[in-house]
There are 2 protein chains.
Amino acid sequence: MNLIIIHPCEPDSSGRVCLTGERAGHIQNVLKAVPGKSLRIGLLNGSTGCGTVESTAGGEVVLRCEFDKKIPARPAVDLLLALPRPKVMKRLWAQLSALGVGRIILTNAEKVERCYFDSHVLEPDFYTARLIEGLQQAGDTRLPDVQIVRQLKPFLEDEFDGIFPTSGIRLLADPSGTCNMFQRLEVAAPQRICLAVGPEGGWTPYELELFAACGFQIFNAGPRILRTDTACVALLSLLTLPSGSDEK
Amino acid sequence: MNLIIIHPCEPDSSGRVCLTGERAGHIQNVLKAVPGKSLRIGLLNGSTGCGTVESTAGGEVVLRCEFDKKIPARPAVDLLLALPRPKVMKRLWAQLSALGVGRIILTNAEKVERCYFDSHVLEPDFYTARLIEGLQQAGDTRLPDVQIVRQLKPFLEDEFDGIFPTSGIRLLADPSGTCNMFQRLEVAAPQRICLAVGPEGGWTPYELELFAACGFQIFNAGPRILRTDTACVALLSLLTLPSGSDEK
């Protein structure tokens, strides 16, 4: 935990918060913080700040919170991902929020098994905890929006333009692509980007047509075929890390 | 498995190989290959080619192998990684070989727990199987060299120049860095690159001095603090994916 996330409803009127459970355990056992110690804190979806330990007793830690005025910017990249196996998705949540994603759209596809949608890893309580874990790791406060899509075609045809700006850049990695990712990004820099990542086995030709009709530009990410989780982290890094696209 | 890796000692004098176990199971149950079907194959550390199924019976698959003359290039990036927790390292092996790494050096550091070195995930049989899994995923044949270093200081001072060219680019990601990664890479493109990734909690100032004395350039990978496994995949992607450094 490089940042302790506080829910907006937690601080009392004097700006104090009484933590229990995992966060209190981390502060006492890992950070070994004693009264007077300052810790980096952040309001979920709000500003970061400084929490001063006032007391630690039993399983409880009381922090006096001071928050900055500035709220971290919402990450500029959205991810549209064909739902991977629950075991993979379970591990991916925290990695995605750590890398910084504005919105995570998990979708069905021809090569996605229907039973994946019944998994507990898609329950809001489960994934919100994992996403907050990633925020606390990375030092961010902006919780990604999550949307679960069971039918790709009507979503792309009827819904997508409503949630993603038509001026934004829509990218899809596929071996059939002929351009590279940065050729597409050089055109216009500070726009929202939506990256689509396919299932193991890839999108079908029909699905690729649906994406192309929805304005997605298909780029080639090289000859190596990566597993979904590796591909997500790899491609998002190219878009989000400052050594990547920002410097172009 | 997007490529079936064959060990150089496996084919007989007629170029036939009789597979059992995991590869035969994959060919029969996942690829559902029948006699006459062509599969992508690769000789470990050698060329790729085409394997024609001659027979499938019981748990056995006989392939007639034809290999190209050309051997895939050894990946141009090496990774020097402070040994992470065994659970993390276990998952990382296949991801590293899938992304393409020439050499993996796992090292001790102040913030690495000594007991990690006793884990079975550092046994050659264990990690070679995982590395081959990553090669079969990515379609590569070049097995990374693996070196385990228990003392960082003598390794950097006495050994490193012997295994990594002094003309190569040595990079280390740390929040103290002031340049960005690509500034360093723009200087000279087709050279070997060694990327150093620290432990959770980072390298100590003393360790950073050792790296600097060994010619490592310290760059800043942005404000987000990533977990070791995410950081490895993220930073290696910037160096290895064609949408990354190749296009600079």
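Relevant structure appears above.
First, a word on what this report is: a plain description of the structure on this page. (Residues numbered from 1 in each chain as written. Chains lettered and ligands numbered in written order. Predicted model: local features only at pLDDT ≥ 70, side-chain atom pairs only at ≥ 80, totals over all residues.)

Further remarks concern the overall build of chain A. In terms of helices and strands, chain A carries seven helices and eleven strands. Over its C-alpha atoms, taken along the principal directions, chain A stretches across nearly 60 × 40 × 35 Å. (Helix = DSSP H or I, 4+ residues; strand = E, 2+ residues; numbered from the N terminus.)

Here we come to the interface of chain A and chain B. One frequent convention defines the size of an interface as the accessible area lost when the parts assemble. Taken together, the 30 residues of chain A in the interface contact 30 residues of chain B. Of all elements in the fold, only helix 2 (86–99), helix 3 (124–138), helix 5 (181–186) and helix 7 (228–240) of chain A reach the threshold of two or more residues within the side of chain A that touches chain B. When residues of the side of chain A that touches chain B are assigned to their parent elements, the largest contribution, five residues, is made by helix 7 of chain A. Considering only residue class, the side of chain A that touches chain B consists of 15 nonpolar, eleven polar and four charged. (Contact = placed C-beta atoms within 7 Å. Nonpolar A, V, L, I, M, F, W, Y, C, P; charged D, E, K, R; others polar.)

Time to look at the pairing of strand 3 (residues 38–43) of chain A. All names here are of chain A. The pairing of strand 1 (residues 4–6) with strand 3 spans three bridges and is parallel. If you follow Ile5 over to strand 3, its bridge partner there is Gly42. Sheet topology note: the strand 3/strand 4 (residues 48–57) ladder contains five bridges and is antiparallel. The partner of Ser38 across the bridge, within strand 4, is Thr52. Linking two consecutive strands that pair antiparallel, namely strand 3 and strand 4, is a turn of four residues; a positive phi of about 65° is found at Asn45 within it. (Pairing = 2+ DSSP bridges.)

Turning to helix 3 of chain A, a few remarks are in order. Residues and elements named next belong to chain A. The end-to-end C-alpha separation of helix 3 is 21 Å, in line with the 21 Å expected for 15 residues at 1.5 Å each. Every buried residue of helix 3 is listed here: Tyr127, Leu131, Gly134, Leu135, Gln136, Gln137 and Ala138. Where helix 3 is buried, its residues meet strand 1, helix 2 and strand 8 (145–149). Directly after helix 3, the chain includes Gly139, whose backbone phi takes a positive value near 85°. (Expected span 1.5 Å × (residues − 1). Buried ≥ 20, exposed ≤ 12 C-beta atoms within 10 Å, placed from the backbone.)

Turning our eyes to something else, we now look at the sheet that holds strand 9 (residues 169–173) of chain B. Sheet strands line up and pair through hydrogen bonds in the backbone, either parallel or antiparallel. Residues and elements named next belong to chain B. Spatial ordering of the open sheet is given by 8-7-6-10-9-11, a layout of six strands whose pairing is parallel. Among the strands making up the open sheet, the edge pair consists of strand 8 (145–149) and strand 11 (217–219). Across the sheet, the axes of successive neighbouring strands diverge by a mean angle of 20°, strand direction being ignored. Here strand 6 (residues 77–82) pairs with strand 7 (residues 103–107) via four bridges, running parallel. Across the sheet, residue Leu81 finds its bridge partner in strand 7, namely Leu106. (Axes fitted to C-alpha atoms, helices over the stretch in contact; angles between N-to-C directions.)

Moving on, we come to the pairing of strand 2 (residues 16–19) of chain A. Residues and elements named next belong to chain A. Residues Val17 and Leu19 of strand 2 are buried on one face, while the alternating residues Arg16 and Cys18, pointing to the opposite face, are not. Alignment of strand 2 against strand 5 (residues 60–67), held across four bridges, turns out to be antiparallel. For Arg16, the partnering residue across the bridge sits in strand 5 and is Arg64.

For the rest of this paragraph, the subject is the relation of the copies chain A and chain B. Least-squares fitting of chain A to chain B yields an RMSD of 0.0 Å, with the transformation described by 0.0 Å of translation along the axis and a rotation of 180°. Here the transformation between the copies is reduced to the relation of a two-fold axis. Taking C-alpha positions as reference, the residue of chain A nearest the rotation axis is A:Ala234, located at 2.6 Å. A high fraction, 100%, of the interface residues of chain A reappear at the interface in chain B, so the copies pair face to face through one surface. (Least-squares fit on C-alpha atoms with pLDDT ≥ 70 in both.)

Residues and elements named next belong to chain A. As for its position among the elements, Ala213 is in helix 6 (residues 205–213). Given 10 C-beta atoms within 10 Å, Ala213 falls into the exposed group. For the pair Ala213 and Val34, spaced 179 residues apart in sequence, the C-alpha to C-alpha distance is 58 Å.

Further remarks concern unusual backbone geometry. Of all residues except glycine, most have a negative phi; of all peptide bonds, most are trans. The phi dihedral of A:Lys32 is positive, around 50°, even though this residue is not glycine. For A:Lys32, the position within the fold is in the loop between helix 1 (21–30) and strand 3. Positive phi, normally seen in glycine, also occurs at B:Asn45, with a value near 65°. Along the chain, B:Asn45 turns up in the loop between strand 3 (38–43) and strand 4 (48–57).

Our focus in this paragraph is the packing of helix 2 (residues 86–99) of chain B against helix 3 (residues 124–138) of chain B. Residues and elements named next belong to chain B. Two elements in contact, helix 2 and helix 3, have axes separated by 7 Å at closest approach and are oriented at 40°. Between helix 2 and helix 3, the crossing angle belongs to the class labelled oblique. For helix 2 against helix 3, the interelement crossing comes out right-handed. Along its contact with helix 2, which presents Trp93, Ala94, Gln95, Leu96, Ser97 and Ala98, the element helix 3 presents Tyr127, Arg130, Leu131, Glu133, Gly134, Leu135, Gln137 and Ala138. (Parallel < 35°, antiparallel > 145°, perpendicular 65-115°, else oblique. Left-handed = near helix turned anticlockwise from the far one by under 90°.)

This next bit is on helix 4 (residues 152–163) of chain A. Residue and element names in this part refer to chain A. Helix length check: helix 4 (twelve residues) gives 14 Å between terminal C-alpha atoms against 16 Å at 1.5 Å per residue, more than 12% under. Residues of helix 4 that are buried include every one of Leu152, Leu156 and Phe160, and no others. Each buried residue of helix 4 lies within a common arc of 50° when the element is viewed along its axis, so the set occupies one face. Of the exposed residues in helix 4, the ones pointing more than 90 degrees away from its buried face are Pro154, Asp158 and Gly162. Among the structural elements, strand 7 (103–107), strand 8 and helix 6 are those in contact with the buried residues of helix 4. (Arc of directions from axis to C-beta.)

Honestly, it's all geometry; don't read function into it.
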